[in-house]
Structures are given as structure tokens and as C-alpha cells.
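Observations on the model geometry
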Amino acid sequence: MNVMSDIVPEVQPGVFIHNSYTILSNFESANLARVKYVCKQIPGVDEDLEFHLWTNPDCGGTEFECNYKSWFYFALKGGIPGMHVRLNIVSSNNQSKMYSQGMTPVFKVDLGKSDKLNEKFCKTSWSRIKEIPTYQTNNNQEFVLSFSHRSLKNIEATTYYAFTYPYTYTELCNSLSFYEKQFPLPSVLRENNEKNVYFYRETIVKSLENRSVDLLTISSFKGISEERECRLFGLFPDEKPRSHVFKNKKVILMSARVHPGETPSSFVMNGLIKYLISKDEQADILRQNYVFKLIPMLNPDGVVRGFYRTDTRGCNLNRFYLKPSLKLHPSIYAARSLILYHHLGYELRDELIEENSTSTFCSSSNNDGELNTKMKPTILNNDVDSLNILLKKSQLCTADRFTNKGLDSGLYLYVDFHGHASKKGIFMYGNNFDNIVDNIECMVYPTLMTINNQNFHYTSCNFSKHNMYSKDKKFGLSKEGSGRVAVLKYTGLIRSYTLECNYNTGRFVNYIPPKVHFVSERRPIQSVIPPKFTPTVFEQVGISLAISILDLSNLNPNSRLDSSEFKSLAGLRELLRSNIINNCSRNRRLGSKSTSNINVDTPITSKQFLNLKKRT
């Protein structure tokens, strides 16, 4: 057998051509570094063509290059119609566990221009490839993922392949622009019905490459005032006015895509947004009672460049929430400032903190253009070290002064959305506390998800202290700097979570009990086989997150709680208490430290008792 192989030339950036085949990566979020063909010729057998394809690591070719190479996204066009072509993704990160569980890449066919001039440009939707890909480690100890491509008869058609369902920055911008047009802000607030949808889009900060990081405010007009929120230090660069202030409403803050390759988080966010602005009765109750602050894409630069985990400086941004830099981690700095502002009800002026002195605050007023004389030189002179020192002092000051001082926080809930490669299902990480009351309260929201979403795996949730402080294998950065843990540290918020969504599937499905008014509910037949996860499945997770908030708040007029094994919020909390006590007793007998730090005999204070009565 004769074997020929050679590098496929890159005729222009992101365009590789071999005979009649064109391989493309010249579009947003694409990732393909180089291509090599292998042509095998056997007498009497049709030609069998293979392409080896290498992806760029995050920040490839720069001083910040790091070994994250799971994300690929490219396209194939042309070739001999009907011919099978083998595609080998070489040297990506070893994801053998995920592919052994049935994970497959996704594809989409763009039919191009139709023969009929009056027909529109036609695109099909994304779906998983039909075959199960193979994987192996080659002689160079490189992980190789292989699957086949069939050349199409339509020479105008282009087939796109990706690691998983893509969702680009441009798609986000287009959808947010569409929502803005649906819900324009009226010039006279009092003319609005209290139940109308309040939808407000702002640029909270610009990314390192000058892309807008969007902030959405979604609520009803109930409780709205003419007053505007504070223009926080270093943030909101546009001249657009800030969002209105709402009286007597707690804030729920959720974010997504801090890791650019974790596209399930964007679909969860999409589902949440579409539900919150819908005409659904339960969505209306949520808007009446809460203000939702949503950051749909924390890392737009990484998304545009086709990275898997980092920003353009090679940083895993979900490790910098404790001491973010406005210059180096602008979106994380913005998220932290927003969290503190809504926790306190006013802005904590980081730049006014003097060493060994108390902090100074500003009220919720328009403070455009104000820069403290001490802080301004550090920004203008790029003095990053001094800036970080001030920010770290600010964080420590916040934690020390407010976490345990009985502050009535303006925050109700925080969730950061992610994708997950190894552990099956959809689940949450929560924080760990020394007393049983707080641990129970942390576990309530994830437990409610089990009665509202068939793919949520409570048994995969992790509330351990180890998971709060463990370090990454590659760079040694601690999870203490993640959004979930950092929010607890600066606000004391018990309901602070990371949502994880497996790219592929789950281990089981939950039984979903009927709603209170189940007669009017169209209940689909529930499968016992876990589905392959799709954007639709992830969007349903976003809806379930919203409905579970109603259950958590005891505001759901059509809850599934009464029909569940828990019967009520009080029953759910009692079941969690029993489980924690049993686990602690068992682990102490076995000598395990996983839950032995929890004081299960913690007396409930009068304030905690009143809070429990309100919740139940």
C-alpha cells in the first residue's frame, strides 16, 4: 500500500486547500491551527482520504500560551461527492473518559446559495454526528479523536464541525438587541402597568480587546423609582443612564461563559432570559418580587477567539474573584463590584481605603468622573501591583466588616453557569458551613431542582469544604478564588452556587411530580433513559432554575412540592437535616473528615427561627 502525506497549505488565514477540498476556520469562535492529509491508494479500491487536524491551544503563539486544547470548530467544503473522508483531531486534551461515555462532536450543514435566486440562504440546525467517534493515543503520546465526513453533492454546501454546540458572541449580541426592541424603556415610568416587563441592557465594562460585557436587568415595574443605580468606579463606560432602582426587591445575580468553551452555560442563560421575559404566570411572580441581574458572557474575547478555558492573557478568570484587577480582569472586577453594590445597597469605594484606616462609602448617587487622588495614578500609570493591593484590602475590609455583622443583604441568590466534561448530569456546587442550619439552607435550592428538572442530579452535587479550597492540577490556583466561594467570603451569602452541565448526558432521570393544578398540565411521557443533552435541554435547565426560586421563596402558586416526597419546604428541610446528621454520624464512626466539621447540635437562634418560619 502506498501512503502519501503532506501539509495542506494555508492559502490565506484560516483557509486550507487540498485539491477540491477547502477546510475553513476563518470565522468567529473557530479553532484550527494546521492540516495534514494522508492519501492511501490500494489497487481496485476507491481512494480513501484522511485529514489530520491540529487545534490551537488557548493563547497559542503568545507568551500566555497554555495547554487547553479541547475546543475545535472548523468547516469542510467541496471534494468528491459521496466520498468518505476521515478526520483526525490530533493532540487535543485527553478527554477519553468523556468520549467513552458516548460523547460525540456536533455538525451543521450550510446549503449555501440555492439554484433558485428567490430562495433564502438556507441553514440547518446543529446536531450530533451519527457515528460514535473513535479515540486513541498515537506513537507521539498525542490524544487523537477520529470521525468521518461524507462529501456533499451540493458544491455550495459547507459542513461545520465543533467540539459541542457553539454559541458565539455575535449570536448573543443579536439576541439581546432583539429583546431590547421588544421591551423599550418608556419615557414616563408611571404610565406603565406594574406587571410590565422591565428589560434593560447596559455595558458594564469593556473586555481587554474592547468588547462589551453586557449586564441585563430584568424585573417588573413594581417598586421602580426615578432614581438610577450608582455608576460604579471604573465601570459603565457608555453615556447611557444606569438602570432604575427598585424599592423592596432583592437581587438575584447569575452569570455565564467565564470559560469560553463551556457553551452549555450560554444555553442555560438563554432559557432563563426567555422565561423571565415571557407571559408565564410564574415568570410574572418572579419579576414582581425580584430584580434579576444577568451577565450572559463574562469572557467575550475567549469566545470570539475559540479558546476553551482562558482569556487572552491565559487566565482562568474563575480563580480571580477574591482580588480582581480592573486592568487585567475587567469582567471579574465588574462582577465583584456589582455583587458588593447590591449586597450593601451602596458602593464600597475601593480607592478610598487607606492603610490602617476605616473605609469610606458613597451613597447611591451619580458619581460620574469621580476618581480618588490616590487611586487615579495607579490606573493611569498601569501600576497593577498597587491596584491589586488596594483591591485586596477592599475585599478583606468587606468580609471583616459585613459578613458577620447582621447586615440585611440586598442579594438573595448567586449562580455562575458552567459546562462539565467528566461527571455526568447537571448539578451544583455549594459551600460548606460549620453549622447544620446554614448547610441545610445551602442544600434547599439544589434539592428543589430535582422536582423541577428531570436531568438534575442532586447526588452529584458537592457541598464539601474540600471542594471550596482544592487547587487546580495544572496551575495550582485555588477554588477559593471562584465566584461561588468568593461571594460567600465577601457577603456571607449562603445561597451561592456553581451550576455544572455535562456536555453529553446524565446517569439517570428524575421523576417529576405533577403540579398542584395537574389537571390543566400537559404532562409528557417521561423516559427512564437519560437523553443526549442539546441546547433545548440546557434551556429547560434555565427555566427550572427560575421556577425553583419560586419554590424556595414559597411563592409558587402551582408548585410540585405538595406532590413530591417532601410535601412542603418544611418537610424538605427536615429530610436534609436527617441526612446531614446520619452522614455526620457515619463519617465520625469511619474517621472521615468530609462532614465531621459540621456541628449538628447547633442551637437555632431566635433570628434563624424567625427566618425558618418565613421560609416555610
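See the structure above.
Below, the structure is looked at part by part. (Residues numbered from 1 in each chain as written. Predicted model: local features only at pLDDT ≥ 70, side-chain atom pairs only at ≥ 80, totals over all residues. Heavy atoms only, no water.)

1. Concerning the packing of aromatic side chains
Applying the stated rule across the entire model yields 27 aromatic pairs. Between F27 and Y73, the aromatic rings sit 4.9 Å apart at their centres with planes inclined by 75 degrees, giving edge-to-face as the arrangement. Taken together, the residues F27 in the loop between β4 (21–24) and β5 (34–41) and Y73 in strand β7 (residues 73–78) connect sequence positions 46 residues apart. F27 sits in the partly exposed class, given a relative accessible area of 22%. Considering the side-chain rings of W71 and F163, the 6.2 Å spacing of their centres and the 65 degrees angle between planes classify their relative orientation as edge-to-face. Residue W71 is found in the loop between β6 (48–54) and β7, and its partner F163 is found in the loop between β14 (158–162) and α2 (169–182); the two are separated by 92 residues along the sequence. Classification of W71 as buried rests on a relative accessible area of 4%. Ring pairs connect the aromatic residues F27, W71, F72, Y73, F74, W126, F147, Y160, Y161, F163, Y308 and Y503, which therefore count as one cluster. Just above the ring of Y160 sits the side chain of K108; from NZ or CZ to the centre is 5.4 Å. (Phe/Tyr/Trp six-rings, centres within 6.5 Å; stacked < 30°, edge-to-face > 60°. Helix = DSSP H or I, 4+ residues; strand = E, 2+ residues; numbered from the N terminus. Buried < 20%, exposed > 50% of the residue type's maximum accessible area, 1.4 Å probe, protein only. Lys NZ or Arg CZ within 6 Å of the ring centre and 35° of its normal.)

2. Some thoughts on the nonpolar core
With 123 residues, the main nonpolar core has F51, F74, M254 and L499 as its most contacted residues. Residue contributions to this core peak at 10 residues, all from helix α9 (residues 436–452). If near-sequence neighbours (up to four positions away) are discounted, L499 is found in contact with V268, V415, D416, F417, H418, I426, F427, M428, F456, V541 and L545. (Core = buried A, V, L, I, M, F, W, Y, C linked by side-chain atoms within 4.5 Å. Contact = heavy atoms within 4.5 Å.)

3. Thoughts on the sheet that holds strand β16 (residues 212–220)
Read across the sheet, 7 strands follow the order β15-β16-β20-β19-β23-β25-β24 without closing on themselves; strand pairing throughout is mixed. Edge positions in the sheet fall to β15 (197–206) and β24 (426–429), since each of these pairs with one other strand and no more. Shown here is a sheet whose adjacent strand axes are inclined to one another by a mean of 20 degrees, direction ignored. Two elements, β15 and β16, share 9 bridges in a ladder whose sense is antiparallel. Note on β16: the bridge partner recorded for F199 is I218. Packing against the sheet, α2 makes contact with β15 and β16, and its axis sits at approximately 140 degrees to β15. (Pairing = 2+ DSSP bridges. Axes fitted to C-alpha atoms, helices over the stretch in contact; angles between N-to-C directions.)

4. A few points about the packing of α9 against helix α13 (residues 569–590)
One way to put it is that α9 packs onto α13 with a least axis distance of 9 Å and a crossing angle of 120 degrees. For the element pair α9 / α13, the angle class is oblique. Where α9 crosses over α13, the handedness of that crossing is right-handed. Contacts between α9 and α13 involve I436, N439, I440, E441, M443, V444, T447 and L448 from the former and L569, L572, R573, L576, R577, I580 and I581 from the latter. (Parallel < 35°, antiparallel > 145°, perpendicular 65-115°, else oblique. Left-handed = near helix turned anticlockwise from the far one by under 90°.)

5. So, the side chain of T450
Structurally, T450 is set in helix α9. Polar contacts involving the side chain of T450 include one to the main-chain carbonyl oxygen of T447, which spans 2.5 Å. Contacts of T450, omitting those with residues within four sequence positions, involve F456, Y458, N510, Y511, I512 and F566. (Polar contact = N/O pair within 3.5 Å; in protein donor to acceptor, adjacent residues only side chain to side chain.)

6. Quick look at the environment of G223
The topology assignment puts G223 in the loop between β16 and β17 (224–228). According to the relative accessible area criterion, G223 is partly exposed, its value standing at 25%. Sequence-wise, G223 and K249 are 26 residues apart; in three dimensions their C-alpha atoms are separated by 7.5 Å. Discounting chain neighbours no more than four positions away, the residues touching G223 are V245, F246 and K247.

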